[in-house]
Amino acid sequence: MPADERFAVRRDRAGASVPRPLAAAPAPSGVPLPDGLALRGRLATGARRPGTPRGSGRGGPGSRTPRTGRGGGPRRTYERARRAWDRPLTAYYVILGSSLLITVLGLVMVYSASMIKALDISKPATYFFGKQFLAAVIGGALMLLAARMPVKLHRALAYPILMVTVFLMVLVQVPGIGMSVNGNQNWLYLGGPFQLQPSEFGKLALILWGADLLARKQDKRLLTQWKHMLVPLVPVAFMLLGLIMLGGDMGTAIILTAILFGLLWLAGAPTRLFAGVLGAAAAIAFLLIRTSPNRMSRLACMGVSEPDPEGGCWQAAHGIYALASGGWFGSGLGASVEKWGQLPEPHTDFIFAITGEELGLAGTLSVLALFAALGYAGIRVAGRTEDPFVRFAAGGVTTWITAQAVINIGAVLGLLPIAGVPLPLFSYGGSALLPTMFAVGLMIAFAREDPAAKAALAMRKPGVRWKTMRRRVKKRPSGER
């Protein structure tokens, strides 16, 4: 029997001899084997290819994927999450998704928290919700407009927005034109049930104008001199602060100050200069608080757990009661007790307390997670850009939204004084919602301007993808594809 056709004999169950082919033996020197027979021989004998490590063939110990321990699953999940977060469009989707979710959840909570208030003033239960929904629709249009505008147009609008805002803030102080709400002279009457608070637009105006100013100075390498860093940014900011404080709105002034410090920090202000401006602002704030009994009473209500016998700290104490009665998952949407006249301003400054009472700890943590995601995405946009205007503007908007959310939630939790600022995108108030949604659209536009994000968005267009596929397909000489 030839060597290349040897057979092994095995016995089946009945004891019969059944021939079984073995692997082909190596051919004698100088006698080549047929291709098919040689291949079968290599596969059967487990012959290795040149350069293949021992044990990596079929059935060898290296053929299986090595199993990791118990920590392999979470580690793989972490790696996948990190790779997903590093994608070019992640910041774009996070900003868009988190802002829309906060706005929609805010509409739901405004309706739930304001029903009793509306009925108490002899209005329909949907009175405040209807106004907020209309503001959200207009704000959505502004957000879409800002997201589609090029960066050059945003820079061109910086000075007009600042001048119009200053004019409106001066108009507020004219007797007979400005209105006073809750002791603050900072509103303009627009007719019907609509009012406007120009100081809310002052935040957006300071960010756009300050970002354009600092970007032009950085292009000319002037930010290394402290006078160019401070002038005229700090005087203009102090002018806006003065107009706001004429109306007595301390909360908006605090947010504007935070935006100013955010811009200075992004511009690379040295520690001594930063500490000097911060010390001056703290001294002015101390004098303003010390000379106002109303502000001193708000400062004294930090950390209280029950109102005093004379009725002081009523709002702070009942905000804590609302959060404490919510438990893990709340009493149910619409089932709040504190909104029945116990908690003042349940749909504006203290809407977070009603959220905690009706949706519980799960609801409040969800709101915090959405704001954290929005802030982190804004930091990512500011940190990855090469355009100084985009860096300053994105950092300013992130500082604005984050600082205002921290001050509002801190006041509800009793950790900070009650400043009277709404929760961004969440609380009732069209004057606060419109500029905030425009600022979110601004960050979306910046996220789209990233070169990698531009390329990813371009590849998603059907026309571009079809052209790309057509280029990859080669035509045959006969004309067939």
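The structure under discussion appears in the preceding block.
Enquirer: I'd like a rundown of the overall build of the chain, residues and numbers included.
Expert: Broken down by element type, the chain carries 18 helices and five strands. A sequence separation of at least 24 residues applies to 65% of the contacts in the chain between residues at least 6 apart. Entry remark: accessible area of the chain is about 26,900 Å², with carbon and sulfur atoms responsible for 63%.

Enquirer: An account of the packing of aromatic side chains is needed here, citing residue identities and associated values.
Expert: The geometry of an aromatic ring pair comes down to the distance between the two centres and the angle between the two planes. Taken as a whole and judged by the stated rule, the model has seven aromatic pairs. Considering the side-chain rings of Y127 and F128, the 5.1 Å spacing of their centres and the 75° angle between planes classify their relative orientation as edge-to-face. Since its relative accessible area comes to 8%, F128 is described here as buried. Clustering of aromatic rings is evident, with ring pairs tying together Y111, F129 and F133. When the ring centre of F392 is taken as reference, the NZ or CZ atom of R391 above it lies at 5.3 Å.

Enquirer: I'd like a rundown of the state of the cysteines, residues and numbers included.
Expert: According to the stated counting rule, one finds one disulfide in the structure shown. Paired through a disulfide, C301 and C313 show a sulfur-sulfur distance of 2.0 Å. On the S-S bond that ties C301 to C313, the torsion sits near -90°, and the link is left-handed. On the criterion of sequence distance, the pair formed by C301 in the loop between α12 (293–300) and α13 (314–324) and C313 in the loop between α12 and α13 is long-range, its members being 12 residues apart. Among the residues examined, C301 registers a relative accessible area of 11% and is labelled buried. Relative accessible area serves as the criterion here: at 18%, C313 is assigned to the buried category.

Enquirer: Run through the packing of helix α7 (residues 198–219) against helix α10 (residues 250–266), naming residues and quoting values.
Expert: Following both chains from N to C, one finds α7 and α10 inclined at 10°, their axes separated by 10 Å at the closest point. When the axis of α7 is compared with that of α10, the two are roughly parallel. Pair α7 / α10 crosses with right-handed handedness. Between α7, through S199, E200, G202, K203, L206, I207, G210 and L214, and α10, the contact on the second element is made entirely by T252, I255, L256, I259, L260 and L263. Of the residues in the contact of α7 with α10, the class split is eight nonpolar, four polar and two charged.

Enquirer: Provide a residue-level description of the sheet that holds strand β5 (residues 194–196), including the pertinent values.
Expert: Strand pairs in the sheet, formed through backbone hydrogen bonds, run parallel or antiparallel to each other. Spatially, the three strands line up as an open sheet ordered β3-β4-β5, and their pairing is antiparallel. Whereas interior strands pair on both sides, the edge strands pair on one side only; in this sheet they are β3 (178–181) and β5. With strand direction ignored, the average angle separating the axes of adjacent strands in the sheet is 55°. Contacts between helix α6 (residues 158–172) and the sheet are confined to β3, β4 (184–191) and β5, with β4 contributing the most and set at about 105° to the helix.

How each quantity is defined
Starting from 1, residues in each chain are numbered consecutively following that chain's sequence as written. Only residues with pLDDT of at least 70 get local features here, since the model is predicted, and only at 80 or more are side-chain atom pairs given and counted; chain-wide, interface and lining totals rely on the full set of residues. The side-chain values count all of the structure's non-hydrogen atoms but skip hydrogen atoms and water molecules. Working definition: helices are DSSP H or I runs of at least four residues, strands are E runs of at least two. Numbering for both runs from the N terminus. Pairs of residues are marked as contacts when any of their non-hydrogen atoms sit within 4.5 Å. Working definition of accessibility: Shrake-Rupley area with a 1.4 Å probe, residue cover restricted to the visible protein chains. Note on aromatic contacts: the rings of Phe and Tyr and the six-membered ring of Trp form a pair at centre separations within 6.5 Å, being stacked when their planes are under 30 degrees apart, edge-to-face when over 60 apart, and tilted otherwise. Only protein chains enter the accessibility calculation, which uses a 1.4 Å probe; a residue whose area is less than 20% of its type maximum is buried, one above 50% is exposed, and one in between is partly exposed. Here, over-ring charges are defined by two tests on the NZ atom of lysine or the CZ atom of arginine: distance to the ring centre within 6 Å, and angle to the ring normal within 35 degrees. To count as a disulfide, a pair of cysteine sulfur atoms needs to be within 2.5 Å. Whenever a helix is involved, its axis is fitted only over the stretch in contact; in every case the axis is a line through C-alpha atoms, and angles between N-to-C directions fall within 0 to 180 degrees. Oblique is the label for every angle not falling under 35 degrees (roughly parallel), over 145 degrees (roughly antiparallel), or within 65 to 115 degrees (roughly perpendicular). A crossing counts as left-handed when the near helix is turned anticlockwise from the far one by less than a right angle, and as right-handed when that turn is clockwise. Note on residue categories: nonpolar means Ala, Val, Leu, Ile, Met, Phe, Trp, Tyr, Cys or Pro, charged means Asp, Glu, Lys or Arg, and polar means any other residue, Gly included. Paired strands, as defined in this entry, are two strands with at least two bridges between them according to DSSP.

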